Amino acid sequence: MIANFTYIVCIICLLLAGFFTWMEYKRAVKANLLWRLLSVLVAAACLACIALPLSYHTQQSISATRKTILLTPGFATDSLKDIAKALTLDKEIKKAYPKVQLISGADEIDTTRALDVYGYGLKPVELKQLNALPLAFHPSAIPAGVSHISWNKAIKAGEDLIVQGTYNNPSTQKVKLLLKGLNTVLATAVINPGGQSSFTLSTQPKTTGKVVYTLQAVMGNDTITQGDVPVQIIPVKPLKILMLTASPDFETRFLKNWLSENGYAVALRSAISKGKFNTEYINTEQLNLNSLSPATLNKFDVVLGDLSVITALSVAESAVLKQQIADKGLGLIVRADSIGKASWLQKDFPVDRPSGKEPVPSYIKIAGKKSNSDKLNTGPAHIIYRDGTQPIAEGTRGDILANSTILGSGKIVFTTLNNTFSWMLAGNKMDYSALWSTLISKAARKDGDKPNKLSFQTLPLVDEPVDISVTQSEFAPVVINGESTPIAQNPNIPFEWTATYWPSAKGWQELKQGDKTIWWYAYHKQDWPGVQAAERLSATTKYAAAHTANTIVTKQIQQKVQIAVPKIYFYILLLAACTFLWIETKFSL
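Quantities reported herein were computed from a predicted structural model and do not represent experimental measurements. (Residues numbered from 1 in each chain as written. Predicted model: local features only at pLDDT ≥ 70, side-chain atom pairs only at ≥ 80, totals over all residues. Heavy atoms only, no water.)

Focus on the overall build of the protein chain
Moving on, step 1. Across its full length, the protein chain holds 12 helices and 33 strands.
Moving on, step 2. Here the C-alpha atoms of the protein chain give a radius of gyration of 36 Å, more than 25% beyond the 25 Å that 2.2 N^0.38 yields for 589 residues.
Moving on, step 3. The dimensions of the protein chain, computed from C-alpha atoms along their principal axes, are 125 × 65 × 45 Å.
Moving on, step 4. Considering only intrachain contacts with a sequence separation of at least 6, the fraction spanning at least 24 residues in the protein chain is 62%.
Moving on, step 5. Of the roughly 32,300 Å² of accessible surface on the protein chain, 57% is carried by carbon and sulfur atoms.
Moving on, step 6. The positive charge centre, built from 60 side chains, and the negative charge centre, built from 45, are 3 Å apart in the protein chain. (Helix = DSSP H or I, 4+ residues; strand = E, 2+ residues; numbered from the N terminus. Rg over C-alpha atoms; globule rule 2.2 N^0.38 Å. Contact = heavy atoms within 4.5 Å. Areas by Shrake-Rupley, 256 points an atom, 1.4 Å probe, with all protein chains shown as cover. Lys, Arg positive; Asp, Glu negative; His and termini not counted. Charge placed at Lys NZ, Arg CZ, Asp CG, Glu CD.)

Some words on the packing of helix 5 (residues 250–261) against helix 10 (residues 429–443)
Two measures define how a pair of helices packs: the angle their axes make with one another and the distance between the axes.
Moving on, step 1. At a minimum axis distance of 12 Å, the contact between helix 5 and helix 10 shows a crossing angle of 85 degrees. In this view, helix 5 runs roughly perpendicular relative to helix 10, as classed from their interaxial angle. Across the interface between the two elements, Glu251, Phe254, Leu255, Trp258, Leu259 and Glu261 of helix 5 pack against Lys429, Tyr432, Ser433, Trp436, Ser437 and Ile440 of helix 10.
Moving on, step 2. Classifying every residue of the contact of helix 5 with helix 10 gives 7 nonpolar, 2 polar and 3 charged. (Axes fitted to C-alpha atoms, helices over the stretch in contact; angles between N-to-C directions. Parallel < 35°, antiparallel > 145°, perpendicular 65-115°, else oblique. Nonpolar A, V, L, I, M, F, W, Y, C, P; charged D, E, K, R; others polar.)

Regarding the sheet that holds strand 7 (residues 154–156)
Moving on, step 1. With mixed pairing, 5 strands are arranged side by side in an open sheet as 7-13-12-9-10. Where the open sheet ends on each side, the last strands, each with one partner, are strand 7 and strand 10 (184–191). On average, each strand axis in the sheet is tilted by 30 degrees relative to the strand beside it, whichever way the strands run.
Moving on, step 2. Bridge count between strand 12 (residues 209–219) and strand 13 (residues 222–234): 11 bridges; the pairing is antiparallel. Among the inter-strand pairings, Ala217 is bridged to a residue of strand 13, identified as Ile224. (Pairing = 2+ DSSP bridges.)

A look at helix 11 (residues 529–546)
Moving on, step 1. Given a rise of 1.5 Å per residue, 18 residues ought to cover 26 Å, and the 26 Å separating the end C-alpha atoms of helix 11 matches this to within 8%.
Moving on, step 2. Tucked inside the fold, the buried residues of helix 11 contact strand 4 (113–119), helix 4 (124–129), strand 5 (135–139) and strand 6 (145–151). (Expected span 1.5 Å × (residues − 1).)

Looking at the side chain of Thr245
Moving on, step 1. Take Thr245: it is sitting in strand 14 (residues 240–245).
Moving on, step 2. One polar contact links Thr245 to Ser270, side chain to side chain, over a distance of 2.9 Å.
Moving on, step 3. Sequence-distant contacts of Thr245, that is, excluding residues within four places in its chain, are made with Thr252, Leu268, Arg269, Ser270, Ala271, Asp306 and Val309. (Polar contact = N/O pair within 3.5 Å; in protein donor to acceptor, adjacent residues only side chain to side chain.)

Remarks on the pattern of salt bridges
Moving on, step 1. Summed over the entire model, instances satisfying the criterion amount to 13 salt bridges.
Moving on, step 2. A salt bridge links Arg269 to Glu317; the nearest nitrogen and oxygen atoms lie 3.7 Å apart. You can see Arg269 sitting in strand 15 (residues 265–273) and its partner Glu317 sitting in helix 8 (residues 315–328), a full 48 residues away along the chain.
Moving on, step 3. A relative accessible area of 3% places Arg269 in the buried class.
Moving on, step 4. On the basis of relative accessibility, which here comes to 10%, the residue Glu317 falls in the buried class. (Salt bridge = Lys/Arg side-chain N within 4 Å of Asp/Glu carboxyl O. Buried < 20%, exposed > 50% of the residue type's maximum accessible area, 1.4 Å probe, protein only.)

Side note on unusual backbone geometry
Moving on, step 1. Within the chain, Asn283 stands out as a residue other than glycine whose phi angle is a positive 60 degrees.
Moving on, step 2. Its place among the elements puts Asn283 in the loop between strand 16 (276–282) and helix 6 (294–297).
Moving on, step 3. We note that Trp528 has phi near 45 degrees; this positive angle belongs to a residue other than glycine.
Moving on, step 4. Turning to its location among the elements, Trp528 is positioned in the loop between strand 32 (516–522) and helix 11.

Examining helix 2 (residues 33–51)
Moving on, step 1. Relative to the 27 Å expected for 19 residues at 1.5 Å per residue, helix 2 spans 28 Å between its end C-alpha atoms, a close match to the ideal helical length.
Moving on, step 2. For helix 2, the full list of buried residues reads Leu33, Arg36, Leu37, Ser39, Val40, Ala43, Ala44, Cys46, Ala48 and Ile50.

Remarks on the pairing of strand 17 (residues 302–306)
Moving on, step 1. Buried residues dominate strand 17, accounting for 5 of its 5 residues.
Moving on, step 2. Both faces of strand 17 are covered, namely the face carrying Val302, Leu304 and Asp306 and the face carrying Val303 and Gly305.
Moving on, step 3. Both strand 14 and strand 17 contribute to a ladder of 4 bridges, which runs parallel. Bridge pairing in strand 17 places Leu242 opposite Val303.
Moving on, step 4. Examined bridge by bridge, strand 17 and strand 18 (residues 331–335) share 5 bridges and lie parallel to one another. Bridging from a neighbouring strand, Val302 pairs with Gly331 of strand 18.

Side note on the nonpolar core
Moving on, step 1. Counting 31 residues, the largest nonpolar core has Leu259, Ile333 and Trp436 as its most contacted members.
Moving on, step 2. Mapped onto this core, the elements with two or more residues apiece are strand 14, helix 5, strand 15, strand 17, strand 22 (390–394), strand 23 (400–407), helix 9 (421–425) and helix 10.
Moving on, step 3. In terms of residue count, helix 10 provides more of this core than any other element does, 6 residues in total.
Moving on, step 4. Aside from chain neighbours lying at most four places away, what touches Ile333 is Val302, Val303, Leu304, Gly305, Val413, Trp436, Leu439, Ile440 and Ala443.
Moving on, step 5. Core analysis: the next-biggest nonpolar cluster, separate from the first, contains 27 residues, Leu161, Ala189, Val211 and Leu461 among them. (Core = buried A, V, L, I, M, F, W, Y, C linked by side-chain atoms within 4.5 Å.)

Quick look at the structure:
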């Protein structure tokens, strides 16, 4: 845009110079022709210089004894002697201290003076405007409240929302954190006094769609809202499960009923005799299950079966099953009902069956969660750990009761648990659902459509520039809230693109790329004050370390600066040239 403007101005001024030169040359009176032509060219050149933004680079000395004081949120007034000479970018500071000079941008700061910054510091976008100007940072202590926060912003229905962070509590009282949704407390955590403490809050949303929770801090009779916790809960399409069993038993019956109650599509094949099977279909259409062909297995996300049944498959069916797992991402869950004959399934899952006294019922730790399940009679069998596997369920003594491994693009889950139905008999549906949901989700065929991912350098705030990084496999135009937004490719990461957007209202923002839609959230400027302060402190500390200002000695620092050429000289030359042409015309008549 600037280059086009420069070309337009130069072309117009050249045309004017050519036209007036021709007019002067055409005049009948030839006296002072050389001076007239020179004046015309000078006038045209001055017009161009006035219109164009001319500047030059030079080295300037920044005196360490002449300082500019910049006040940012959180500064301490007792650290400054003469606050009236200070600058600020914050309107709230200007309102509280009318004598402080308010500037609209960091690029207005005098580059010939040393810069001292007090408070929490500047935002990354403001630090860029300093153009590598050295500064001395005088940070304030981080405020009370949440200083760091993170959560899984997009989860599938049935998954847990996990909010983790750090809370700064300099007081002598305990603080209670509340995660609330629809005026209901969903999770709590207690923060001890006297410093920073980490916390974790967890809940399982009962709805789908875009939901906004809030995090509150309660100390005594005071309740302070820390900020919003927006989450997008994505409904999951029902998984299709193929169950292979040798004969009906309680474990199969309860599992089949639980799968059907939770919306899974289930096809069950039970062996009656050699080559003959009994089939049952729940929430799905009927299929020919007499032979496990690639076309049949391709219709399912998970195959769940007894070890004895799977090892008894024909050579052709076993080869098809293995190929579907490795090449197509099919999931397999194996229940170790018996040792059976040697199988490729047990290469990574050797089972130890110690003899002796039956072990007492054990608590089950599922997927590494801190809270254990109710006790369950797990039996003596457990899985011996092998490198390359990932345990899913463990007993009280650390015995592995469910383990997983990767085979090509699919996963295999192996478990020695065969009486989880006793939880259901005891009315413990929660632990039963937690275990089987984890096993199935761990093994299930993954959706090949990977969504684009968004990331932000800082907390997205209303009425402030938001730098958005979009990770995508190929280029696609970006449209935010119906507005086409220009994007630039990261030169170091070819699949990452960046865009800058100014959200005008708090709440959910829509980003579209082709046929994909991604939702993100813009916060009010009052949300998460501790997080904003921590971001400022971190960014300014890093900048100050890279651009150090020597505030002790009087040695001058050389700084390369860009200086605009004063327009007054060109106005004087233009006036002189025009005056000469006017006077010469009057006296030559």
